[in-house]
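# Observations on the three-dimensional arrangement
Here is how the chains run, residue by residue.
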Amino acid sequence: MNDALKKDFEALVGKENVMESESDRFSYAYDAAVLDPVLPGLVVRPETREAMGRVVKLANDNGLPLTVRGSGTNLSGGTIPKLGGLVVLTNALNKILEINEADLYAIVEPGVITAKFAAEVAARGLFYPPDPGSQAVSTMGGNVAENAGGLRGLKYGVTKDYVMGVDFFDVDGELVKSGSRTVKCVTGMNLHGLMVASEGTLGVFEKITLKLVPPPQAQKAMMAIFDDVNKACETVAAIIAAKIVPATLEFMDNFTIRTVEDFAHVGLPVEAQALLLIEVDGHPGQVAEEAEKVEAICKKMGAQRIQVAKDAAERNKVWEARRAALSALARLSPTTVLEDATVPRSKIPAMMVALENIAQKYKLTIGTFGHAGDGNLHPTILTDRRNKEEWKRVEEAIDDIFDVALGLGGTLSGEHGIGIAKSKYMEKETNRATILFSRRLKKAIDPKGILNPGKIVGE
Amino acid sequence: MSDMNELLRMLGELDDQLVSCMRCGMCQAVCPMYGQTGRESDVARGKIALLEGLAHKMVQNPEEVQDRLSRCLLCGSCAANCPTGVKVVDIFIKARAILVSYMGLPTVKKLIFRGMLTKPGLFNGLMSLASKFQGLFTSPANDVIGTSCSRMLQPIIGERHFRLLAKTPLHSEFPSLDTPAGKSGLKVAFFPGCMVDKMYTGIGQASLKVFSHHGVGVFLPAGQACCGIPALASGDMDSYLTLVRENLDAFKGGSYDALVTPCASCTATIKEVWPMLSDRMSPSEQETIKAMAAKTMDINAFLVDKLGLTPPAPSADAVSVTVHDPCHLKKALGVSAQPRKLIAMNSHYVVKEMAGADVCCGCGGSFTLTHPDMSATIGQQKRDNIKNSGAQVVATGCPACMMQISDMLSRNGDRISVKHPMEIYAESL
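Model, not experiment: these values are computed from the prediction.

## Section: the overall build of chain B
- Regarding its fold elements, chain B presents 24 helices and 11 strands.
- For 429 residues, the compact-globule estimate of 2.2 N^0.38 gives 22 Å, and chain B sits close to it at 21 Å.
- Split into buried and exposed, the 429 residues of chain B put 53% on the buried side.
- Of the contacts formed within chain B by residues at least 6 apart in sequence, a portion of 77% connects residues at least 24 apart.

Below, the structure is given as structure tokens:
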């Protein structure tokens, strides 16, 4: 980075918010994806939204690649500065600007931490449902840019279902406004919709308007134990067919069950081939009725045993087991590759069979758990990226997983994003025209190609 | 050593531990440093990435990496919260030593660790001398907390409000003890630690009073040295090993059921760090360390768990006391209920919890000397939480935390006294 340009950035955000030493830059060369780090040329941390706009303009004026970064927790390399250039941090823009209890919306700056926001909303007696696994540290800007999901997707939807508006800077640093505080709004193009899952390639968020909902009054959690993966998968379909939409409907395979039990000792049945962790919520009367129905369906579909949580402590235990899944698996090996290929939920049995075959074919350990209710499984490959030969097999297995998921009418990514990791598969799921359309769209809004170049549609 | 290849080789030995970090970033949620700065190089994930980068020649500048590593309280919040159980504190301790062996120790630290700390006789003599003259250049700051401040020492200690050295150190009052187990049938080896020996002697006296009350035999050998953590945190492996050996010598031949210390940091060091680094010592030393570490317990935990104390109901006019959980007790050793129970043994006190009781106080040993502003900023939050609890007393089982909290309260002009749970319990006997 040349000195004059560095000084210009210092003038915009303050000297203390410009980082250029090797160690500081290297700390922004990676994210949570298993990919090689790429060193940015400079890192800046604007403390005001106005300064953010001016940073974008200065970068564009100089044709400098610009990658926006929240907490850097994404799993697809979306925040790795692929072409170097500038990393812009949002974590100083961390104010909740408004929580409106009468009109059920909130306005936040992009660097607000998801869990802090959800807690603040809950303190006002309201509910922000999306709960990605990284919510303790992830930012709202990052959640919108990646369209983050979570455990509650089946009933409550994902981040995109809560985005009412996004104000963002275009490459010239001009503020573009989209959406509104109202439930209905057809004023202009749905530009905020375009921003969701855009992974920082189309604009830089200035503030976000989010929908809030009243929280459910009651919950009931249960665990259904199966001696056969198929029966568990069919139970998922049967629950939905009975017109019941649980808030969460999670699946764990035998390998994951054993690993979690070894690690957390929460009393999981290690002989079970599959577990379903189910929670229904809503009005107490409805919860009681649905819980009974779900229990009956599980029994009818061949569950060996069903444990219904009798109180908050037991409910917590059910979810503790689920929350421990990734940590427990990740402890078994140096490298953990967490995939999120997603299929229509009726295809989960086929997907499970395919995953087992892939694990055998490539001699890999794959633990699978995930959001069975929405077809979003997390096959988790346990490996060591330092083992070149095994790593090659991992890459081939990932290719196969995507092929199978697409063959079943599914999608490459349910909630982790495309980033660098999956951009080469994009055309497989879509087609050439889709890629070209996306590239033309980007070219039109970002002629110099400075906004997070190399992500989603390559180039 | 100043050979880059040797540095890479030594860092390579950490590779198996480094690679277990999956870069999820969950450490951001709990790191006191990151909470202040929001800088990735201040959080565990960033530091581990830097060490990996250095080991794999993607990062070229070891001086910068050393500087980033020093920006850490070694509080272990990240390790306690790590989904994959990365041994962050072990990694950082080893990495600091590796970088010091490559770049050398700063002269001041050499003087302190190699010239003084590792020579207990000289250390005691110097401290004793200082305790006689300290009144000349200090003035009282807060009578409730018992702190002083000093214009003259300002270039060295900054704006700190500190506790004066004890007139008579504990080792002068009790050069050595070896009493048999009484009615409890238990005997402890007592390791007071430097701060209790030289500054907070009241905690040592309270501990001995409690042992005597419960008929617990005490083995207090002469010639105890520092537990080694200050030298190690600065990367001085040689001084650390010397100190451990001096202590192994001092405790040689004693028989006891548990080794207890009233200092959370000493306890965690003896119990966790000594075994972790014992592969640098002889097989017989390794055996001794293993046996000692297995018997080492926090003093609160010893009294509550081994003696099975049952607290009475608090009296109507009980004084409210809020509890700070030292990182080296709760995060390193999982001890948090016992100090509260010990306090409740004195019916004149009632525990009133503060927000963020287990958040680091910002001391971090020598961190407070090398990064005074950051230490004070983190400490101020702790002070605010203590103040907002409305308690009249704050209790914590670590003299280093007591020093930091006293400083912060005193600088704010608060009239809240700072006590060790042992002192509170001993008051009732």
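## Some remarks on the sheet that holds strand β9 (residues 204-211) of chain A
All names here are of chain A.
- Taken together, 5 strands build an open sheet; the order of strands is β5-β6-β9-β7-β8 and the sheet is antiparallel. The open sheet terminates on both sides in strands that have one partner only, identified here as β5 (96-100) and β8 (175-176).
- Pairing of β5 with strand β6 (residues 105-108), which is carried by 4 bridges, proceeds in the antiparallel orientation. Bridged to Ile-99 within β6 is Ala-106.
- Strand contacts of helix α3 (residues 49-61): β7 (163-169), β8 and β9, with the helix running at about 135° to β9, the strand carrying the most contacts.

## Examining the interface of chain B and chain A
- If you look at the interface, chain B gives 26 residues, while chain A gives 26 residues.
- If you list the elements that add at least two residues to the side of chain B that touches chain A, you get α4 (44-55) and α5 (62-70) of chain B.
- For the side of chain B that touches chain A, the element with the most residues is α4 of chain B, which contributes 4 residues.
- The residue inventory of the side of chain B that touches chain A, partitioned by class, reads 11 nonpolar, 11 polar and 4 charged.

## As for helix α9 (residues 120-133) of chain B
- With 14 residues, α9 of chain B should cover 20 Å at 1.5 Å per step; its first-to-last C-alpha distance of 20 Å lies within 8% of that length.
- Counting buried positions over the 14 residues of α9 of chain B gives 1, only a small fraction of the element.

## What about helix α7 (residues 88-103) of chain B?
All names here are of chain B.
- In a regular helix each residue adds 1.5 Å, so 16 residues correspond to 22 Å; α7 covers 22 Å between its end C-alpha atoms and thus fits that length.
- Most of α7 is tucked away, with 13 of its 16 residues classed as buried.
- Just past α7, the residue Gly-104 takes up positive phi, approximately 90°.

## A look at the sheet that holds strand β10 (residues 393-395) of chain B
All names here are of chain B.
- Across the sheet, 4 strands lie side by side as β9-β8-β10-β11; this open sheet has parallel pairing. The open sheet has two edge strands with one neighbour each: β9 (349-351) and β11 (417-419). On average, each strand axis in the sheet is tilted by 35° relative to the strand beside it, whichever way the strands run.
- Bridge analysis of β10 against β11 gives 3 bridges, and the strand direction is parallel. When the sheet's bridge partners are listed, Val-393 is paired in β11 with Ser-417.

## As for the domain arrangement of chain A
Residues and elements named next belong to chain A.
- Each assigned domain of chain A is listed here: domain 1 (3-89), domain 2 (96-211), domain 3 (217-330) and domain 4 (333-416).
- A straight line from the C-alpha centre of domain 1 to that of domain 4 covers 32 Å.
- Every contact between the two is made by 4 residues of domain 1 and, on the other side, 5 residues of domain 4.
- Classifying every residue of the side of domain 1 that touches domain 4 gives 2 nonpolar, 2 polar and no charged.

## Here's the deal with the nonpolar core
- In this structure, Val-55, Leu-210, Ala-224, Leu-275 and Leu-276 of chain A together with Val-188 of chain B are the most contacted members of the largest nonpolar core, which totals 265 residues.
- Leaving out residues up to four positions away in the same chain, Val-188 of chain B has contacts with Phe-211, Val-216, Val-218, Tyr-256, Asp-257, Ala-258, Leu-259, Val-260 and Phe-302 of chain B.

Reading guide: rules and limits
- Residues numbered from 1 in each chain as written.
- Chains lettered and ligands numbered in written order.
- Predicted model: local features only at pLDDT ≥ 70, side-chain atom pairs only at ≥ 80, totals over all residues.
- Helix = DSSP H or I, 4+ residues; strand = E, 2+ residues; numbered from the N terminus.
- Rg over C-alpha atoms; globule rule 2.2 N^0.38 Å.
- Buried ≥ 20, exposed ≤ 12 C-beta atoms within 10 Å, placed from the backbone.
- Contact = placed C-beta atoms within 7 Å.
- Pairing = 2+ DSSP bridges.
- Axes fitted to C-alpha atoms, helices over the stretch in contact; angles between N-to-C directions.
- Nonpolar A, V, L, I, M, F, W, Y, C, P; charged D, E, K, R; others polar.
- Expected span 1.5 Å × (residues − 1).
- Domains from an automatic or database assignment.
- Core = buried A, V, L, I, M, F, W, Y, C linked by C-beta atoms within 7 Å.

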